[in-house]
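# Descriptive analysis of the structure
As a plain string of letters, each chain reads:
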Amino acid sequence: MTPIALSLPGFPDAAPGAGLAGGILIGLAAALMLLGLGRIAGISGITARVVGLGGGIDRAAAVAFLVGLPVGAAIIAMAQGGLPANFAGPIPLIIAGLLVGIGTRLGSGCTSGHGVCGVSRLSTRSLVATGTFMVAGIATVAIMNALGLEVLS
Amino acid sequence: MTMRKVATSLVAGTLFGSGLALGGMTNPARVRGFLDLFGDWDPTLAFVMGGAVLVMAIAWRFQPRMIAPLFEDKFYIPTRKDLTTPLVFGSALFGIGWGVAGLCPGPGIAALVIEPVSALIFVASMIAGMGLVHLLKGEG
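Calculation criteria
Residues numbered from 1 in each chain as written. Chains lettered and ligands numbered in written order. Predicted model: local features only at pLDDT ≥ 70, side-chain atom pairs only at ≥ 80, totals over all residues. Heavy atoms only, no water. Helix = DSSP H or I, 4+ residues; strand = E, 2+ residues; numbered from the N terminus. Buried < 20%, exposed > 50% of the residue type's maximum accessible area, 1.4 Å probe, protein only. Contact = heavy atoms within 4.5 Å. Areas by Shrake-Rupley, 256 points an atom, 1.4 Å probe, with all protein chains shown as cover. Axes fitted to C-alpha atoms, helices over the stretch in contact; angles between N-to-C directions. Parallel < 35°, antiparallel > 145°, perpendicular 65-115°, else oblique. Nonpolar A, V, L, I, M, F, W, Y, C, P; charged D, E, K, R; others polar. UniProt positions renumbered as here; feature names shortened; annotations may be inferred. Buried area = accessible area lost by both parts, 1.4 Å probe. Salt bridge = Lys/Arg side-chain N within 4 Å of Asp/Glu carboxyl O. Patch = residues over 30% accessible without salt bridge, like charges linked within 9 Å, V, L, I, M, F, W, Y side chains within 5 Å. Domains from an automatic or database assignment. Polar contact = N/O pair within 3.5 Å; in protein donor to acceptor, adjacent residues only side chain to side chain.

### With respect to the overall build of chain B
- When its secondary structure is counted, chain B shows 6 helices and 0 strands.
- When the elements of chain B are put in sequence order from the N terminus, they spell out α-α-α-α-α-α.
- Considered along the principal axes of its C-alpha atoms, chain B spans approximately 50 × 40 × 30 Å.
- Within chain B, the fraction of its 140 residues that count as buried is 56%.
- Counted over contacts in chain B with a minimum sequence separation of 6, partners at least 24 positions apart contribute 41%.
- A total of about 6,300 Å² of accessible surface is found on chain B, and carbon and sulfur atoms cover 69% of it.

Shown next, in the form of C-alpha coordinates:
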(Lines give C-alpha, C1' and ligand atoms only; values in the text may rest on other atoms or scores of the structure.)
Protein backbone atom coordinates (compact mmCIF):
# COMPACT_ATOMS: atom_id res chain seq x y z
CA MET A 1 0.00 0.00 0.00
CA THR A 2 3.02 2.27 -0.59
CA PRO A 3 1.44 4.67 -3.11
CA ILE A 4 -1.23 5.73 -0.66
CA ALA A 5 0.99 5.77 2.43
CA LEU A 6 1.25 9.55 2.36
CA SER A 7 1.58 11.57 5.52
CA LEU A 8 0.34 14.96 6.57
CA PRO A 9 2.75 17.35 8.31
CA GLY A 10 1.67 17.87 11.90
CA PHE A 11 -0.64 14.84 11.90
CA PRO A 12 1.57 11.73 12.16
CA ASP A 13 -1.42 9.40 12.64
CA ALA A 14 -3.43 10.69 9.66
CA ALA A 15 -3.65 8.63 6.46
CA PRO A 16 -4.61 11.22 3.82
CA GLY A 17 -3.65 9.05 0.81
CA ALA A 18 -5.60 6.02 1.96
CA GLY A 19 -8.44 8.33 3.02
CA LEU A 20 -8.62 9.99 -0.39
CA ALA A 21 -8.41 6.62 -2.21
CA GLY A 22 -11.16 5.22 0.03
CA GLY A 23 -13.26 8.33 -0.56
CA ILE A 24 -12.91 7.98 -4.33
CA LEU A 25 -14.13 4.35 -4.11
CA ILE A 26 -17.11 5.51 -2.03
CA GLY A 27 -17.83 8.24 -4.59
CA LEU A 28 -17.67 5.71 -7.45
CA ALA A 29 -20.07 3.45 -5.56
CA ALA A 30 -22.53 6.31 -5.02
CA ALA A 31 -22.14 7.38 -8.68
CA LEU A 32 -22.91 3.82 -9.81
CA MET A 33 -26.09 3.80 -7.70
CA LEU A 34 -27.17 7.16 -9.13
CA LEU A 35 -26.32 6.64 -12.81
CA GLY A 36 -27.05 2.90 -12.83
CA LEU A 37 -30.14 2.61 -10.65
CA GLY A 38 -31.24 6.24 -10.31
CA ARG A 39 -30.99 6.06 -6.52
CA ILE A 40 -29.25 7.89 -3.70
CA ALA A 41 -26.73 5.58 -1.97
CA GLY A 42 -28.10 6.30 1.48
CA ILE A 43 -27.16 3.44 3.75
CA SER A 44 -29.61 4.18 6.58
CA GLY A 45 -32.45 4.29 4.05
CA ILE A 46 -31.27 1.11 2.31
CA THR A 47 -31.03 -0.64 5.70
CA ALA A 48 -34.58 0.44 6.62
CA ARG A 49 -35.74 -0.88 3.23
CA VAL A 50 -34.08 -4.28 3.86
CA VAL A 51 -35.67 -4.74 7.29
CA GLY A 52 -39.10 -3.63 6.07
CA LEU A 53 -39.16 -0.19 7.72
CA GLY A 54 -39.12 1.95 4.61
CA GLY A 55 -39.69 2.10 0.89
CA GLY A 56 -37.43 2.92 -2.03
CA ILE A 57 -35.11 0.77 -4.08
CA ASP A 58 -36.06 -2.85 -4.98
CA ARG A 59 -35.71 -5.05 -1.92
CA ALA A 60 -33.35 -7.51 -3.66
CA ALA A 61 -31.09 -4.66 -4.81
CA ALA A 62 -31.11 -3.19 -1.30
CA VAL A 63 -30.07 -6.55 0.18
CA ALA A 64 -27.32 -6.89 -2.45
CA PHE A 65 -25.94 -3.45 -1.58
CA LEU A 66 -25.81 -4.22 2.15
CA VAL A 67 -24.18 -7.61 1.51
CA GLY A 68 -21.54 -5.84 -0.56
CA LEU A 69 -20.44 -3.63 2.36
CA PRO A 70 -18.78 -6.39 4.45
CA VAL A 71 -17.61 -8.13 1.25
CA GLY A 72 -15.71 -4.97 0.26
CA ALA A 73 -14.31 -4.56 3.76
CA ALA A 74 -13.20 -8.23 3.74
CA ILE A 75 -11.35 -7.71 0.43
CA ILE A 76 -9.37 -4.80 1.90
CA ALA A 77 -8.76 -6.71 5.15
CA MET A 78 -7.36 -9.66 3.17
CA ALA A 79 -5.25 -7.40 0.93
CA GLN A 80 -3.76 -5.63 3.93
CA GLY A 81 -3.49 -8.71 6.18
CA GLY A 82 -6.10 -7.47 8.65
CA LEU A 83 -7.49 -4.07 9.56
CA PRO A 84 -7.02 -2.08 12.76
CA ALA A 85 -10.27 -1.97 14.72
CA ASN A 86 -10.80 -0.48 18.14
CA PHE A 87 -14.44 -0.76 19.18
CA ALA A 88 -16.42 0.47 22.17
CA GLY A 89 -17.93 -1.99 24.65
CA PRO A 90 -21.51 -3.33 24.49
CA ILE A 91 -23.23 -0.55 26.50
CA PRO A 92 -21.87 2.38 24.45
CA LEU A 93 -22.51 0.38 21.26
CA ILE A 94 -26.17 -0.14 22.21
CA ILE A 95 -26.67 3.53 23.15
CA ALA A 96 -24.91 4.65 19.96
CA GLY A 97 -26.83 2.19 17.79
CA LEU A 98 -30.21 3.31 19.16
CA LEU A 99 -29.33 7.00 18.67
CA VAL A 100 -28.04 6.37 15.14
CA GLY A 101 -31.13 4.35 14.23
CA ILE A 102 -33.61 6.88 15.64
CA GLY A 103 -31.66 9.89 14.38
CA THR A 104 -31.15 8.73 10.82
CA ARG A 105 -34.84 7.88 10.37
CA LEU A 106 -36.04 11.22 11.83
CA GLY A 107 -33.34 13.09 9.92
CA SER A 108 -33.93 11.15 6.67
CA GLY A 109 -30.32 10.09 6.22
CA CYS A 110 -26.79 9.62 7.44
CA THR A 111 -23.19 10.23 6.39
CA SER A 112 -23.71 8.56 2.98
CA GLY A 113 -27.09 9.92 1.87
CA HIS A 114 -26.75 13.43 3.32
CA GLY A 115 -22.98 13.69 3.77
CA VAL A 116 -21.84 12.37 0.38
CA CYS A 117 -24.82 12.33 -2.02
CA GLY A 118 -26.65 15.40 -0.72
CA VAL A 119 -23.67 17.64 0.00
CA SER A 120 -22.22 16.94 -3.48
CA ARG A 121 -25.43 18.25 -5.10
CA LEU A 122 -25.58 21.15 -2.62
CA SER A 123 -28.97 20.09 -1.26
CA THR A 124 -29.95 22.54 1.47
CA ARG A 125 -31.51 19.83 3.63
CA SER A 126 -28.38 17.68 3.36
CA LEU A 127 -26.04 20.60 4.07
CA VAL A 128 -28.06 21.41 7.22
CA ALA A 129 -28.21 17.73 8.28
CA THR A 130 -24.47 17.22 7.68
CA GLY A 131 -23.52 20.39 9.55
CA THR A 132 -25.78 19.32 12.41
CA PHE A 133 -24.44 15.77 12.80
CA MET A 134 -20.84 16.97 12.44
CA VAL A 135 -21.27 19.57 15.19
CA ALA A 136 -23.17 17.08 17.39
CA GLY A 137 -20.47 14.43 16.90
CA ILE A 138 -17.63 16.86 17.64
CA ALA A 139 -19.45 18.19 20.73
CA THR A 140 -20.16 14.65 21.96
CA VAL A 141 -16.52 13.58 21.73
CA ALA A 142 -15.37 16.86 23.36
CA ILE A 143 -17.83 16.48 26.26
CA MET A 144 -17.01 12.79 26.75
CA ASN A 145 -13.29 13.61 26.81
CA ALA A 146 -13.86 16.46 29.28
CA LEU A 147 -15.77 14.04 31.55
CA GLY A 148 -13.03 11.45 31.18
CA LEU A 149 -15.39 8.94 29.52
CA GLU A 150 -13.15 6.52 27.61
CA VAL A 151 -15.23 4.19 25.44
CA LEU A 152 -12.58 2.65 23.19
CA SER A 153 -10.31 -0.04 24.64
CA MET B 1 -33.55 -6.16 -15.63
CA THR B 2 -33.87 -7.22 -11.99
CA MET B 3 -30.74 -9.38 -12.17
CA ARG B 4 -28.76 -6.46 -13.57
CA LYS B 5 -30.07 -4.14 -10.86
CA VAL B 6 -29.11 -6.61 -8.14
CA ALA B 7 -25.65 -7.14 -9.66
CA THR B 8 -25.06 -3.37 -9.99
CA SER B 9 -26.14 -2.87 -6.41
CA LEU B 10 -23.82 -5.64 -5.19
CA VAL B 11 -20.88 -4.09 -7.06
CA ALA B 12 -21.72 -0.64 -5.65
CA GLY B 13 -22.02 -2.01 -2.11
CA THR B 14 -18.70 -3.83 -2.47
CA LEU B 15 -16.98 -0.70 -3.79
CA PHE B 16 -18.52 1.29 -0.94
CA GLY B 17 -17.41 -1.22 1.70
CA SER B 18 -13.87 -1.40 0.31
CA GLY B 19 -13.69 2.40 0.29
CA LEU B 20 -14.82 2.58 3.92
CA ALA B 21 -12.24 -0.01 4.97
CA LEU B 22 -9.41 1.51 2.90
CA GLY B 23 -10.19 4.97 4.26
CA GLY B 24 -10.03 3.67 7.84
CA MET B 25 -13.74 4.31 8.53
CA THR B 26 -14.34 0.76 9.81
CA ASN B 27 -12.06 1.64 12.73
CA PRO B 28 -14.06 3.67 15.29
CA ALA B 29 -10.82 5.02 16.75
CA ARG B 30 -10.16 6.80 13.44
CA VAL B 31 -13.67 8.23 13.22
CA ARG B 32 -13.62 9.45 16.83
CA GLY B 33 -10.15 10.86 16.11
CA PHE B 34 -11.72 13.02 13.39
CA LEU B 35 -14.51 14.17 15.71
CA ASP B 36 -11.91 14.98 18.41
CA LEU B 37 -11.40 18.40 16.84
CA PHE B 38 -10.41 20.04 20.12
CA GLY B 39 -8.08 17.21 21.17
CA ASP B 40 -5.84 14.89 19.20
CA TRP B 41 -7.43 15.62 15.81
CA ASP B 42 -7.08 13.08 12.97
CA PRO B 43 -8.09 14.73 9.65
CA THR B 44 -8.27 11.44 7.66
CA LEU B 45 -12.08 11.42 7.47
CA ALA B 46 -12.01 14.83 5.78
CA PHE B 47 -10.02 13.24 2.93
CA VAL B 48 -12.51 10.37 2.70
CA MET B 49 -15.47 12.77 2.56
CA GLY B 50 -13.60 15.08 0.17
CA GLY B 51 -12.77 12.27 -2.26
CA ALA B 52 -16.30 10.90 -2.20
CA VAL B 53 -17.96 14.31 -2.62
CA LEU B 54 -15.61 15.19 -5.49
CA VAL B 55 -16.45 12.04 -7.49
CA MET B 56 -20.15 12.38 -6.69
CA ALA B 57 -20.20 16.05 -7.74
CA ILE B 58 -18.98 14.92 -11.18
CA ALA B 59 -21.72 12.25 -11.28
CA TRP B 60 -24.35 14.92 -10.52
CA ARG B 61 -23.09 16.87 -13.60
CA PHE B 62 -23.73 13.81 -15.78
CA GLN B 63 -27.10 12.93 -14.33
CA PRO B 64 -29.23 15.69 -15.93
CA ARG B 65 -27.87 14.74 -19.37
CA MET B 66 -29.21 11.21 -19.04
CA ILE B 67 -32.85 10.52 -19.95
CA ALA B 68 -32.91 7.59 -17.52
CA PRO B 69 -30.43 5.60 -15.40
CA LEU B 70 -28.73 2.65 -17.12
CA PHE B 71 -30.80 -0.10 -15.46
CA GLU B 72 -33.92 1.71 -14.25
CA ASP B 73 -36.72 3.56 -16.05
CA LYS B 74 -36.34 6.84 -14.15
CA PHE B 75 -34.36 8.70 -11.54
CA TYR B 76 -35.60 8.68 -7.96
CA ILE B 77 -34.06 11.82 -6.50
CA PRO B 78 -35.25 13.56 -3.32
CA THR B 79 -37.15 16.74 -4.11
CA ARG B 80 -37.90 18.04 -0.59
CA LYS B 81 -36.42 21.42 0.24
CA ASP B 82 -38.12 22.19 3.57
CA LEU B 83 -35.95 22.50 6.66
CA THR B 84 -37.87 20.78 9.44
CA THR B 85 -37.46 20.11 13.15
CA PRO B 86 -37.16 16.30 12.63
CA LEU B 87 -34.38 16.89 10.09
CA VAL B 88 -32.31 18.90 12.56
CA PHE B 89 -33.31 17.03 15.74
CA GLY B 90 -32.78 13.64 14.07
CA SER B 91 -29.42 14.66 12.62
CA ALA B 92 -28.34 15.89 16.07
CA LEU B 93 -29.30 12.53 17.66
CA PHE B 94 -27.45 10.72 14.89
CA GLY B 95 -24.37 12.90 15.47
CA ILE B 96 -24.40 12.15 19.21
CA GLY B 97 -24.60 8.40 18.51
CA TRP B 98 -21.83 8.75 15.92
CA GLY B 99 -19.65 10.47 18.50
CA VAL B 100 -20.36 7.97 21.30
CA ALA B 101 -19.08 4.89 19.45
CA GLY B 102 -17.45 6.26 16.28
CA LEU B 103 -19.80 4.35 14.00
CA CYS B 104 -22.38 5.35 11.42
CA PRO B 105 -24.57 2.88 9.48
CA GLY B 106 -22.20 1.98 6.59
CA PRO B 107 -19.07 1.28 8.65
CA GLY B 108 -21.18 -0.54 11.26
CA ILE B 109 -22.45 -2.99 8.62
CA ALA B 110 -19.06 -3.26 6.83
CA ALA B 111 -17.37 -4.03 10.18
CA LEU B 112 -19.49 -7.18 10.56
CA VAL B 113 -16.53 -9.05 9.03
CA ILE B 114 -13.89 -7.18 11.03
CA GLU B 115 -15.26 -7.16 14.58
CA PRO B 116 -18.42 -9.31 14.22
CA VAL B 117 -19.79 -9.27 17.78
CA SER B 118 -19.32 -5.52 18.37
CA ALA B 119 -20.62 -4.62 14.91
CA LEU B 120 -23.65 -6.86 15.36
CA ILE B 121 -24.53 -5.24 18.71
CA PHE B 122 -24.35 -1.83 17.03
CA VAL B 123 -26.32 -2.82 13.89
CA ALA B 124 -29.04 -4.64 15.87
CA SER B 125 -29.47 -1.60 18.16
CA MET B 126 -29.57 0.69 15.13
CA ILE B 127 -32.34 -1.38 13.53
CA ALA B 128 -34.21 -1.36 16.87
CA GLY B 129 -33.95 2.46 16.88
CA MET B 130 -35.29 2.59 13.33
CA GLY B 131 -38.15 0.29 14.36
CA LEU B 132 -38.97 2.55 17.28
CA VAL B 133 -39.37 5.58 14.99
CA HIS B 134 -41.53 3.49 12.67
CA LEU B 135 -43.80 2.49 15.59
CA LEU B 136 -44.06 6.00 17.04
CA LYS B 137 -44.90 7.44 13.64
CA GLY B 138 -47.75 4.96 13.50
CA GLU B 139 -46.45 3.32 10.36
CA GLY B 140 -46.32 -0.11 11.99
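Read on for the rest.
### A word on the packing of helix α6 (residues 124–146) of chain A against helix α2 (residues 28–35) of chain B
- Two numbers describe how α6(A) lies on α2(B): the axes approach to 8 Å, and their chain directions differ by 95 degrees. Between α6(A) and α2(B), the crossing angle belongs to the class labelled roughly perpendicular. In this structure, α6(A) uses M134(A), G137(A), I138(A), V141(A) and M144(A) to contact α2(B), whose residues at the interface are R32(B), F34(B) and L35(B).
- Class assignment of the residues belonging to the contact of α6(A) with α2(B) gives a composition of 6 nonpolar, 1 polar and 1 charged.

### Quick look at the UniProt feature "transmembrane region" (unreviewed entry) in chain B
- Taking the numbering used here, the UniProt-annotated feature "transmembrane region" (unreviewed entry) corresponds to residues 45–62, 83–103 and 109–136 of chain B.
- The span residues 83–103 of chain B is 81% helical and 0% strand by assignment, and the distance between its end C-alpha atoms comes to 25 Å.

### So, the interface of chain A and chain B
- Contacts between the two partners involve 108 residues from chain A, matched on the other side by 102 residues from chain B.
- A buried area of about 9,200 Å², summed over both sides, lies between chain A and chain B, and 79% of it is on carbon and sulfur atoms.
- Interface area lost by chain A to chain B is led by L35(A), F87(A) and R125(A), which between them contribute 8%.
- Inspection of the chain A/chain B interface yields 2 salt bridges.

### Section: a nonpolar patch on the surface
- Judged by side-chain polarity, V63(A), V67(A), V71(A), I75(A), M78(A) and L10(B) come together as a nonpolar surface patch covering roughly 510 Å² of accessible area.
- With 5 residues, helix α3 (residues 59–79) of chain A is the single largest residue contributor to the nonpolar patch.
- Here V63(A) shows up in helix α3.

### A look at the domain arrangement of chain A
Residue and element names in this part refer to chain A.
- Here the domain parsing of chain A yields domain 1 (1–85) and domain 2 (87–153).
- On a C-alpha basis, the centres of domain 1 and domain 2 stand 17 Å from each other.
- For the pair domain 1 and domain 2, the summed buried surface comes to about 710 Å²; carbon and sulfur atoms form 68% of the total.
- Taken as a group, I40, S44 and A85 account for 51% of the area that domain 1 buries against domain 2, more than any other trio of residues on that side.
- Our count for the domain 1 to domain 2 interface comes out at 0 salt bridges.
- Joining domain 1 to domain 2, the criterion identifies 2 residue pairs in polar contact (both at pLDDT 80 or more).
- Looking at which element gives the most residues to the side of domain 1 that touches domain 2, the answer is helix α2 (residues 43–50), with 4 residues.

### A look at unusual backbone geometry
Residue and element names in this part refer to chain A.
- Residue S108 is not a glycine yet carries a positive backbone phi of 60 degrees.
- Turning to its location among the elements, S108 is positioned in the loop between α4 (90–106) and α5 (111–120).
- Non-glycine residue L122 carries a positive phi angle of around 55 degrees.
- Topologically, L122 is positioned in the loop between α5 and α6.
- Overall, the relative accessible area of 64% leaves L122 in the exposed class.

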